[in-house]
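Summary of the model geometry
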Amino acid sequence: MIDPERIATFNIGEELGLVEDVENLALRLDREEATPAESIIEALVDFSVAAPSWAVGTGGTRFGRFPFGGEPRTTEEKIDDVATLNQLTASNRSISLHVPWDLPEDPGGLREYAGDREIWFDAMNSNTFQDNPSTTDEGRLSYKFGSLANSDMAVREIAIEHNKEVIDLGAALGSKALTVWLADGINHPGQADHRTQFEHVADGLRAIHDHLPDDWQMYTEHKPYEPAFYATVNFDWGSSLLLAQAAGPKASCLVDLGHHLPNANIEQIVSRLAMVDRLGGFHFNDSKYGDDDLTTGSIKPFQLFLIFCELIRAGDGSLPALAFMIDQSHNIKDPLEDLIQSTEAVCIAYAQALLVDRAGLADAQERNDATRAQEILQTAFRADVRPLVAEARRRAGAAIAPLEAYRESGYRAAMIEERGSESVATGL
Ligand SMILES: [Mn+2]
């Protein structure tokens with residue numbers, strides 16, 4: 001991790017400018033009778049978005065993968081990277097593991113290791129989209145034609161069993177949730193029966209749900225296509241909702257921003273799921289065409305802002321306690337730099353959404369005043385709230401300018417030295 005003294009020293013050079021920027025913004029918000037700067041800073045200090053263990057290494061595409069150098073080789077090293085990220089941002093206080101990419105032999109020891117670094121375990125992710133000899137009966141059974149939806153009951157059973165094992169592992173780590181993303185689907189019309197596949201998955205999820213400890217949640221994550229290219233079982237929010245309802249009361253839907261067909265109105269999906277109390281979690285990323293897994297807020301920051309507006313609407317003025325995670329594939333950037341930028345984008349969108357004059361907006365909606373409604377939203381969206389985000393970090397003992405502090409710290413060079421330039425993190 002980075003020497004805290006180094007971050008403190010780096011902050012000294014930034015502090016004077018920040019104090020001035022926060023004061024100016026606070027005065028402006030006061031004058032405009034907007035949400036007080038102080039309450040936004042406090043909300044940001046409390047906010048955390050998890051980093052997934054697979055996002056601290058470089059991602060690849062089916063065309064290739066270009067390791068960045070110094071990538072973590074073990075789950076412990078992934079925790080080190082997330083702890084370093086959190087030192088800089090104070091907004092990434094948990095890690096989300098993916099089994100069997102992460103398969104700790106000593107969960108108690110790993111829990112302690114993470115705890116020592118002030119990191120806790122977010123939702124666990126099961127994996128039935130790849131064959132894994134230890135769970136697929138030494139290769140005798142395969143997920144090639146699906147897992148929970150497979151026509152072969154023996155395959156469905158090992159997929160259920162795997163999910164139960166992930167829950168048990170997560171319980172030992174102190175996690176409180178399981179995220180189920182399934183690759184199940186078909187590539188060719190007629191290959192399988194849509195309804196039979198759906199019913200198999202619903203049955204499987206119910207069995208997994210019944211294994212959840214009392215204080216656990218389960219999330220169903222939809223995605224329209226890939227790796228199945230003709231039809232995916234859990235392809236949209238409607239299917240996800242039906243599956244969550246079929247699974248049981250602890251199941252809800254997880255919305256991954258990249259898992260929608262182009263131009264889908266994701267904020268409206270958020271509104272619908274929240275309305276029926278089945279919105280459970282979020283995977284942040286950004287995309288231009290499909291599941292691009294690019295830096296959050298880099299392409300569609302307004303969409304991200306509108307999503308946060310719906311979340312705050314769902315929480316009646318404050319953010320509901322959902323499972324927030326960044327789910328990205330860093331193909332060409334330093335993964336930690338990409339995570340710093342994404343965390344910043346999420347915090348900015350959150351702060352801007354808190355700025356929305358909700359009473360004024362409700363009034364404009366009541367009067368069918370579309371012009372006024374637009375002004376209210378855009379006044380909040382166009383506000384430069386970055387000083388509040390930086391101030392929240394400063395108060396939490398993190399870096400005022402995390403990206404600059406990260407570069408200045410020489411962390412990547414030190415990791416290349418320690419882990420090697422050819423190290424490759426587990427994952428895809
Ligand atoms: Mn996801």
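Quick caveat, the model's predicted, so the values are computed rather than measured. (Residues numbered from 1 in each chain as written. Predicted model: local features only at pLDDT ≥ 70, side-chain atom pairs only at ≥ 80, totals over all residues.)

**Details of the overall build of the chain**
What counts here: A run of H or I in DSSP counts as a helix once it spans at least four residues, and a run of E counts as a strand once it spans at least two, with each numbered from the N terminus. Counting other C-beta atoms within 10 Å of a residue's own tells you its class, since 20 or more makes it buried, 12 or fewer makes it exposed, and anything in between is partly exposed; those C-beta atoms are placed from the backbone. Contacts are defined on C-beta atoms placed from the backbone: any two residues whose C-beta positions lie within 7 Å are in contact.
The number of helices and strands found in the chain is 15 helices and 13 strands. For the C-alpha atoms alone, the extent of the chain along its principal axes is close to 65 × 60 × 40 Å. The buried share among the 428 residues of the chain stands at 48%. The long-range fraction of contacts in the chain, counting pairs at least 24 apart against all pairs at least 6 apart in sequence, stands at 77%.

**Describing the environment of Ser 175**
Mapped onto the secondary structure, Ser 175 falls in the loop between helix 5 (153–173) and strand 7 (177–181). As a C-alpha pair, Ser 175 and Met 1 span 174 residues in sequence and 23 Å in three-dimensional space. Excluding its chain neighbours within four sequence positions, the residues that come into contact with Ser 175 are Phe 121, Asp 122, Ala 123, Met 124 and Gly 170.

**Remarks on the sheet that holds strand 4 (residues 94–96)**
Worth spelling out the cut-off: The rule for pairing is simple: two strands pair if DSSP sees at least two bridges between them.
Overall, parallel pairing links the three strands, which are arranged 1-4-5 in an open sheet. Looking at which strands have only one partner, the edges of the open sheet turn out to be strand 1 (51–52) and strand 5 (120–121). Sheet analysis places strand 4 next to strand 5, joined by two bridges and oriented parallel. The residue of strand 5 that forms the bridge with Ile 95 is Phe 121.

**Examining the sheet that holds strand 7**
Defined as follows: A fitted line through C-alpha atoms serves as each axis, taken over the contacting stretch for helices, and the angle formed by two N-to-C directions is quoted from 0 to 180°.
Spatial strand order, 6-7-9-11-12-13: six strands in an open sheet with parallel pairing. Of all the strands in the sheet, just strand 6 (124–125) and strand 13 (323–326) have a single pairing partner and so form its edges. Strands strand 7, strand 9 (217–221) and strand 11 (251–256) of the sheet are contacted by helix 6 (residues 194–209), whose axis makes an angle of about 155 degrees with strand 9. Contacts between helix 7 (residues 237–247) and the sheet are confined to strand 9 and strand 11, with strand 11 contributing the most and set at about 155 degrees to the helix.

**Some remarks on the nonpolar core**
Note the threshold: Buried Ala, Val, Leu, Ile, Met, Phe, Trp, Tyr and Cys residues whose C-beta atoms connect them within 7 Å together make up a nonpolar core.
Core analysis: the biggest nonpolar cluster contains 116 residues, and Ala 351 and Leu 388 have the highest contact counts within it. For this core, the leading source of residues is helix 10 (residues 335–355), giving 13 residues.

**Concerning unusual backbone geometry**
A cis amide bond links Val 99 with the next residue in sequence, Pro 100, at an omega value of 15 degrees. Checked against the element boundaries, Pro 100 lands in the loop between strand 4 and helix 4 (107–116). For the bond running from Glu 226 to Pro 227, omega is 10 degrees, close enough to zero to count as cis. Among the secondary structure elements, Pro 227 is positioned in the loop between strand 9 and strand 10 (231–232). Positive phi outside glycine occurs at Asp 293, with the angle close to 55 degrees. As for its position among the elements, Asp 293 is in the loop between strand 12 (279–284) and helix 9 (301–314). Residue class for Asp 293 comes out buried when judged on the 23 C-beta atoms lying within 10 Å of it.

**Things to note about the pairing of strand 7**
Among the five residues in strand 7, five count as buried, and that is most of the element. Note: strand 6 against strand 7, two bridges, orientation parallel. Across the sheet, Met 124 pairs through a bridge with Leu 178, a residue of strand 7. As paired elements, strand 7 and strand 9 share five bridges and run parallel to each other. Across the sheet, residue Ala 177 finds its bridge partner in strand 9, namely Gln 217.

**What to know about the environment of Tyr 225**
Checked against the element boundaries, Tyr 225 lands in the loop between strand 9 and strand 10. Each C-alpha atom, one on Tyr 225 and one on Arg 65, is 22 Å from the other, the two residues being 160 residues apart in sequence.

**Quick word on helix 10**
Heads up, the condition is: Multiplying one less than the number of residues by 1.5 Å gives the expected span of a helix.
With 21 residues, helix 10 extends 30 Å from end C-alpha to end C-alpha; this agrees with the ideal 30 Å at 1.5 Å per step. Within helix 10, 19 of the 21 residues are buried, leaving the element largely enclosed by the surrounding structure.

**Structural notes on the pairing of strand 12**
Which entries qualify depends on this criterion: By the criterion used throughout, a crossover qualifies as right-handed when its path from the first strand across the helix to the second strand runs clockwise, the strands pointing away from the viewer.
With six of six residues buried, strand 12 is to be regarded as a mostly interior element. Summarising the sheet, strand 11 and strand 12 pair through four bridges and their orientation is parallel. Bridge pairing in strand 12 links Cys 253 to Leu 279. The β-α-β motif built from strand 11, the intervening helix 8 (residues 266–275) and the parallel element strand 12 has right-handed crossover chirality. Of the strand pairs in this sheet, strand 12 and strand 13 are connected by four bridges, and their pairing is parallel. Counterpart to Phe 284 in the pairing with strand 13 is Ile 326. Regarding topology, helix 9 serves as the crossover connection from strand 12 to the parallel strand 13, and that connection is right-handed.

By themselves, these figures tell us nothing about what the structure is for.
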